[in-house]
Amino acid sequence: MNQHLRAQAIPFIDVGAQRRRLGLAIDEAMSRVLDHCQFINGPEVTKLEADLAAFCGARHVIGCASGTDALLMVLMAKQVGPGDAVLCPSFTFCATGEVVALTGATPVFVDVNEATFNMDAASLKRGIATARRLGLRPVAVIPVDLFGQSADHDAIGTIAKAEGLFVLDDAAQGFGASYKDRRLGTFGLVTATSFFPAKPLGCFGDGGAIFTDDADLAATLRSIRVHGQGSDKYDNVRLGLTGRLDTMQAAILIEKLKIFEDEIAARNGVAERYSRLLGNVVTVPQLAPGCTSVWAQYTIRLPKGTGRDSFAAALKAQGIPTAIYYPKSMHQQTAYCHFPVADGGLPVSEQLSQDVISLPMHAYLDEATQDRIIAAVRGAIAG
Ligand SMILES: Cc1ncc(COP(=O)(O)O)c(C=O)c1O
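So, here's what we can say about the structure. (Residues numbered from 1 in each chain as written. Predicted model: local features only at pLDDT ≥ 70, side-chain atom pairs only at ≥ 80, totals over all residues. Heavy atoms only, no water.)

### Examining the side chain of His153
Of note, His153 is situated in helix H7 (residues 153–163). At 3.0 Å, the side chain of His153 forms a polar contact with the side chain of Asp145. If we ignore the near neighbours within four places in the chain, the residues touching His153 are Pro143, Asp145, Asp169, Tyr179, Leu184 and Phe187. (Helix = DSSP H or I, 4+ residues; strand = E, 2+ residues; numbered from the N terminus. Polar contact = N/O pair within 3.5 Å; in protein donor to acceptor, adjacent residues only side chain to side chain. Contact = heavy atoms within 4.5 Å.)

The following block contains the structure:
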């Protein structure tokens, strides 16, 4: 076996390191739930919702079963359906557009900015025009805070207002980041996030949350979360879901939220170091003015002539995992390729899908391990 193959494998995301840091606190929080047995809508759910509201500044927080449910519940509450168009970036995780299609509405895919990977305002305008030309009624836009960086909420909000659309921010990867000194969770009409374990703020299973300042919308979402219940539990006044966040996951998240600020700072330290030490060999991610990131992913672009597969193989041989988010944009996938795209096409999304690759990123990546990754990246580019 050669030297490289003996190198210890590095995790892509080290959930175990965080678990060790929090060990007893999480065990005790879970024991409390096991003692009181209120596994559904227990006191920890209410407490977490209050803690999340204090963290980001939103008036109302509704815990729910996943990030996908968070997005879907909002579209259900706003009665989005057939004939409606919802504008989404194509370069994103599939859930962003999937929820639109599930309501019977039409996702209209728009392009992203090459430097930030986030929704491009000019393409959004073209997408709205495309939707109208196709006889659809544009009702909403779903910007995504991709890879942890806040989208350009002023630019998107201005277009949405002028065109009469509501904004549903998909902060599944970006919760904890800010835009112009305001935390995500407070932009547009409503924000959705995910607590999938690999997210910057993740639980130990599936979970999500919705944030809004609109009290009526919050009340409707609480009803949809429990099968559309009315004032009486068994009087259902609308269609809904089993959309609740488990008490156990809420108890875990309460403990994780306590160290989240510290983890965000650590993630930023890791990202800053990657960018400083790799910026002259690959295209490193750019933060737009006024935007911060929680670095859900640290995603680079390879120089022309460097094959992505051989680059990934060279790192893998040294025990260093990489991942490709996303090898196909949504409009290139079988389930979504029949939906419209903004006039002019989505050349940036298509190019990014071909040349991005993400490196290990988490709050517990020590400098020695990061140096190994950096040396391997530099070696693979050179060689
Ligand atoms: C951008 C984006 N939107 C939505 C989701 C859906 O979240 P969940 O997996 O919790 O349903 C994810 C999760 O991967 C995501 O990355």
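### Observations concerning the packing of aromatic side chains
Considering all chains together, one arrives at 15 aromatic pairs under this definition. For the pair Phe117 and Phe147, a centre-to-centre distance of 5.4 Å together with 75 degrees between the ring planes defines the contact as edge-to-face. You can see Phe117 sitting in the loop between strand E3 (106–110) and helix H6 (121–133) and its partner Phe147 sitting in the loop between strand E4 (137–141) and H7, a full 30 residues away along the chain. Among the aromatic side chains, those forming a connected cluster through ring pairs are Phe12, Phe91, Phe117, Phe147, Tyr325 and Tyr326. Over the aromatic face of Phe166 sits the side chain of Lys78, whose NZ or CZ is 5.1 Å from the ring centroid. (Phe/Tyr/Trp six-rings, centres within 6.5 Å; stacked < 30°, edge-to-face > 60°. Lys NZ or Arg CZ within 6 Å of the ring centre and 35° of its normal.)

### What about the nonpolar core?
Core analysis: the biggest nonpolar cluster contains 49 residues, and Val141, Leu168 and Ile210 have the highest contact counts within it. The greatest single-element share of this core, amounting to 7 residues, is contributed by helix H4 (residues 67–77). Residues within four places of Leu168 in sequence aside, it is in contact with Leu71, Val74, Leu75, Val141, Ile142, Pro143, Val190, Thr191 and Ala192. One finds Cys56, Ala171, Ile254 and Leu257 within the second-largest nonpolar core, a separate group that totals 28 residues. (Core = buried A, V, L, I, M, F, W, Y, C linked by side-chain atoms within 4.5 Å. Buried < 20%, exposed > 50% of the residue type's maximum accessible area, 1.4 Å probe, protein only.)

### A short note on empty space enclosed by the protein
Overall, the coordinates contain 3 cavities of 30 Å³ or more when judged by the stated rule. Surrounding the largest cavity, 16 residues form its lining, Ile13, Gln18, Lys199, Pro200 and Arg267 being those nearest its centre. Of all the secondary-structure elements, those providing two or more residues to the lining of the largest cavity are helix H2 (15–36) and helix H10 (260–278). When grouped by side-chain class, the residues that make up the lining of the largest cavity number 8 nonpolar, 3 polar and 5 charged. By volume, the second largest cavity is sized at about 80 Å³. Taken together, 13 residues form the lining of the second largest cavity, with Phe117, Phe147, Gln149, Pro285 and Trp295 sitting closest to its centre. When grouped by side-chain class, the residues that make up the lining of the second largest cavity number 7 nonpolar, 6 polar and no charged. (1 Å grid on protein atoms, 1.4 Å probe; cavity = no way out; pocket = protein on both sides within 12 Å on 5 of 7 lines; lining within 4 Å. Points joined across faces, edges and corners; volume = space filled by probe spheres on them. Nonpolar A, V, L, I, M, F, W, Y, C, P; charged D, E, K, R; others polar.)

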